[in-house]
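Breakdown of the fold
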Amino acid sequence: MELIIEGIRKAIWLLITLDPEVLGITWLSLKVSGLATFISLFIGISLGTVVALVRFPGRRIVVSLINTGMGVPPVVVGLFVTILLWRNGPFGLLEILYTPTAIIIAQAIIATPIVAGISLASIQKLPEALRLQILALGATRLQMIWMLIKEARLPLLAAVMAGFGGVISEVGASIMVGGNIRGYTRVLTTATVMETGRGNFDVAIALGVILLLFTFCINAILTGVQQRERPR
Amino acid sequence: MSDTILEVRGLKVSRGGVPVLDIPELTVAPGEFLSLIGPNGTGKSTLLLSLSGLLKRQQGEISFHGQAVENGGQLLDYRRRLAMVFQEPLLFDATVYENVAAGLKIRGMSRRSIRPVVEENLSLFDITHIASRSARKISGGEAQRASLARAFATNPELILLDEPFASLDPPTKESIIDDLGHAMNIKHTTAVMATHDRMDALRLSNRIAVMDGGRIVQIGHPSEIMHQPVNEIVAAFVGIETILEGRVKGSSGGALLVNINGRDIFCTGDYRTGEEVICFIRPEHVTLFPGEYMPESSARNMFGGTVTKVQPIGLLYRVGINCDFSLSAHVTQQAVEDLDLKPGRQVVATFKATSIHVIRNPRY
């Protein structure tokens, strides 16, 4: 118990004193996971919308793959990205393994199926006649897709939350492709794992509290937008 | 100006290899209000979707103002000259104003030029007072008004209405039909409406097409459809409850004597003696009198019979009479009380020879 209280005290101290190392780790976490979520939104919403709207052979298999991808373990993603970016791997020439870019790639791969799966469900849930109605209003195919995405915007915010929540909290892929290099690729989760391993529970708890606060604030903002009163 | 706004030739649509629509020819004149009526599943909505270009046709041609409507880029230009309203209002999760503006935004109009158009159409459908409300928080009637206003806002040359009143309660429906009729007159819009309610069609239409099994089985003036159906399916759908098969017993100068189940009925028509025919009698054309005495009536047909059933149908009652053939009459509650109509009651039923529509029996 004393350990936990000490940890929370330390966390508050680190936050109040704006510890430069903690701030750096927090900022990198935000940047990396934010960018990965943004990329996953672009790819995931596009993929989810196309699969929801277009009937093609093998569509069921694609839907199954997306659903499977929603639960893929981050360490597996970490392993494959590491192999791909390894010195002798297919993308070894890029020399981006153990860089923040590698973490962004891995996290985007983790979040994309989550966003795609939720987008697919949200767009599919809209009445089919709405598509016809939009086209009957004179919309082009692109305008129709954009209007459908706008119509499903509230469930799509859940996709943002789930995608961001999935990547900000993962540790396996970040540690494998980022290497937890101090001041370069160390993010909140990898730092927490390291401090726990070293027995620095107070710092680990402090980092954990920051991570919790961080995810809570972002999700609170998104929930606020999602639940806000619609026009009277 | 062309005398047709829309022309359809040889239109065929199949679903899963099963033909669902077969329209050899259909034309719509500018300013006309054409209603497609028929039971559910007869291809009315499929025809509307084909006309709108939203459903790919396997075969056939559609011409708009004499120009062939083809797939591809031109289809967008075509769709932008039409509007379509569905049974469900299908409004967007936005304010009523934004919904009415949707079609104009799609056309890339500026906010400044959109405003007066939206305001005009909100007013046309009496929904100005709810313009700023969320479309999710308005009643079904208000939502359908918004949907109609959204369609009219784009100033369509042709408006396609797919059962637009089917989900509305009767008073709301009445009031929206009035507003739609008013909007049609003001904007001189041409309309094609699918409905399973013949009364809606009668209120608004210049012409009615009756559909069955993906085909138009009869098209014409509402009065022609209601009083001169071409077959039993059309007759049943337009509310003719007495359909009698018989043989022409005598014919002279357009007057016919038809024998039905041993009873002779006076009709009018150009048929030869011995021909098998079908007689249609509208229930409103049958008058009932007490069975105790023979009434004074100018009607040529007068039959004594027994009441078999008395059923309320809204404000009227449907009375079934057995006079060696089954006859159906619609009477008021006052008549039910005055004549003491109940099963087993003896009555005299009269109807004019000219009120009977006769067709050749296709089974012979």
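Residues numbered from 1 in each chain as written. Chains lettered and ligands numbered in written order. Predicted model: local features only at pLDDT ≥ 70, side-chain atom pairs only at ≥ 80, totals over all residues.

Further remarks concern the overall build of chain A. Assigned secondary structure in chain A consists of 11 helices and 0 strands. Listing every helix and strand of chain A by position from the N terminus yields α-α-α-α-α-α-α-α-α-α-α. With the principal axes as the frame, chain A shows a C-alpha extent of 65 × 55 × 25 Å. The burial tally for chain A puts 41% of its 232 residues in the buried class. (Helix = DSSP H or I, 4+ residues; strand = E, 2+ residues; numbered from the N terminus. Buried ≥ 20, exposed ≤ 12 C-beta atoms within 10 Å, placed from the backbone.)

We now examine the overall build of chain B. Check the secondary structure of chain B and you find 10 helices and 20 strands. Across its three principal axes, chain B shows a C-alpha extent of roughly 75 × 45 × 40 Å. Out of the 364 residues in chain B, the part that is buried amounts to 40%. Within chain B, contacts between residues at least 6 apart in sequence are counted, and of these 67% link residues at least 24 apart. (Contact = placed C-beta atoms within 7 Å.)

Before going further, it helps to spend a moment on the nonpolar core. In this structure, Ala106(A), Ala149(B) and Cys279(B) are the most contacted members of the largest nonpolar core, which totals 160 residues. With 15 residues, the single largest contributor to this core is helix 5 (residues 100–125) of chain A. When we break this core down by domain, the ones giving at least three residues each are domain 1 (6–236) and domain 2 (240–360) of chain B. If we ignore the near neighbours within four places in the chain, the residues touching Cys279(B) are Leu244(B), Gly246(B), Val258(B), Ile260(B), Ile265(B), Cys267(B), Ile356(B) and Val358(B). (Core = buried A, V, L, I, M, F, W, Y, C linked by C-beta atoms within 7 Å. Domains from an automatic or database assignment.)

Taken residue by residue, the interface counts 16 residues in chain A and 22 residues in chain B. Listing elements by their share of the side of chain A that touches chain B, those giving two or more residues are helix 6 (128–136) and helix 7 (141–151) of chain A. For the side of chain A that touches chain B, the leading source of residues is helix 6 of chain A, giving 6 residues. Split by residue class, the side of chain A that touches chain B holds 9 nonpolar, 4 polar and 3 charged. (Nonpolar A, V, L, I, M, F, W, Y, C, P; charged D, E, K, R; others polar.)

Okay, the sheet that holds strand 6 (residues 82–85) of chain B next. All names here are of chain B. Overall, mixed pairing links the 6 strands, which are arranged 6-7-8-3-9-10 in an open sheet. Sheet topology places strand 6 and strand 10 (215–220) at the edges, where each strand pairs with a single neighbour. The mean angle between the axes of side-by-side strands here comes to 15 degrees, regardless of whether they run parallel or antiparallel. Against the sheet, helix 5 (residues 140–153) engages strand 6 and strand 7 (158–162), with an angle of about 170 degrees to strand 6. (Pairing = 2+ DSSP bridges. Axes fitted to C-alpha atoms, helices over the stretch in contact; angles between N-to-C directions.)

A separate point is helix 10 (residues 188–198) of chain A. All names here are of chain A. The set of residues buried in helix 10 consists of Leu-188, Thr-189, Thr-190, Ala-191 and Thr-192. Its buried side turned inward, helix 10 meets helix 2 (20–53), helix 9 (172–178) and helix 11 (201–227). A positive backbone phi angle near 85 degrees is found at Gly-199, which sits one or two residues after helix 10.

Below, the discussion takes up the packing of helix 2 of chain A against helix 8 (residues 153–168) of chain A. Packed helix pairs are characterised by how far apart their axes lie and by the angle those axes make with each other. Residues and elements named next belong to chain A. For the pair helix 2 and helix 8, the least separation of the axes is 9 Å and the interaxial angle reads 135 degrees. Taken together, helix 2 and helix 8 sit at an angle that is classed as oblique. Where helix 2 crosses over helix 8, the two elements pack in a sense that is right-handed. Together, Ser-29, Ser-33, Ala-36, Thr-37, Ser-40, Leu-41, Gly-44 and Ile-45 of helix 2 and Leu-156, Ala-159, Val-160, Gly-163, Phe-164, Val-167 and Ile-168 of helix 8 make up the contact between the two elements. Looking at side-chain class alone, the contact of helix 2 with helix 8 contains 9 nonpolar, 6 polar and no charged residues. (Parallel < 35°, antiparallel > 145°, perpendicular 65-115°, else oblique. Left-handed = near helix turned anticlockwise from the far one by under 90°.)

Attention now goes to the pairing of strand 2 (residues 18–28) of chain B. Residues and elements named next belong to chain B. Pairing between strand 1 (residues 6–15) and strand 2: 9 bridges, direction antiparallel. For Leu-6, the partnering residue across the bridge sits in strand 2 and is Val-28. Counting the residues that bridge the hairpin from strand 1 to strand 2 gives 2 residues, and of these Gly-16 lies at a positive phi of roughly 60 degrees.

Time to look at the domain arrangement of chain B. All names here are of chain B. Domain boundaries in chain B define domain 1 (6–236) and domain 2 (240–360). Taking the mean C-alpha position of each, domain 1 and domain 2 sit 38 Å from one another. In terms of residue class, the side of domain 1 that touches domain 2 is built from 4 nonpolar, 2 polar and 1 charged.

What follows covers the environment of Ile5(B). Tracing the backbone through its elements, the reader meets Ile5(B) in the segment before strand 1. Apart from the residues lying within four places of it in its own chain, the contact partners of Ile5(B) are Val28(B), Ala29(B), Pro30(B), Phe64(B), His65(B), Glu157(B), Leu158(B) and Thr190(B).

With that settled, consider the confidence of the model for chain B. Counting all residues, the mean pLDDT for chain B is 93, and 98% of those residues have values of 70 or more. In the predicted complex, the global pTM is 0.85; the interface-specific ipTM is 0.86. (pLDDT = per-residue confidence, 0-100.)

Attention shifts here to the sheet that holds strand 17 (residues 316–322) of chain B. Residues and elements named next belong to chain B. If you walk across this open sheet you meet the 5 strands as 15-19-16-17-18, and the pairing is antiparallel. What marks the edges here is a single partner per strand, and that holds for strand 15 (287–290) and strand 18 (326–332). Within this sheet the neighbouring strands show an average axis-to-axis angle of 45 degrees, counted without direction. Two strands pair when backbone bridges link them, and strand 16 (residues 301–313) and strand 19 (residues 346–351) are joined in this way by 6 bridges, in the antiparallel orientation. Bridging across to strand 19, Thr-306 finds its partner in Gln-346.

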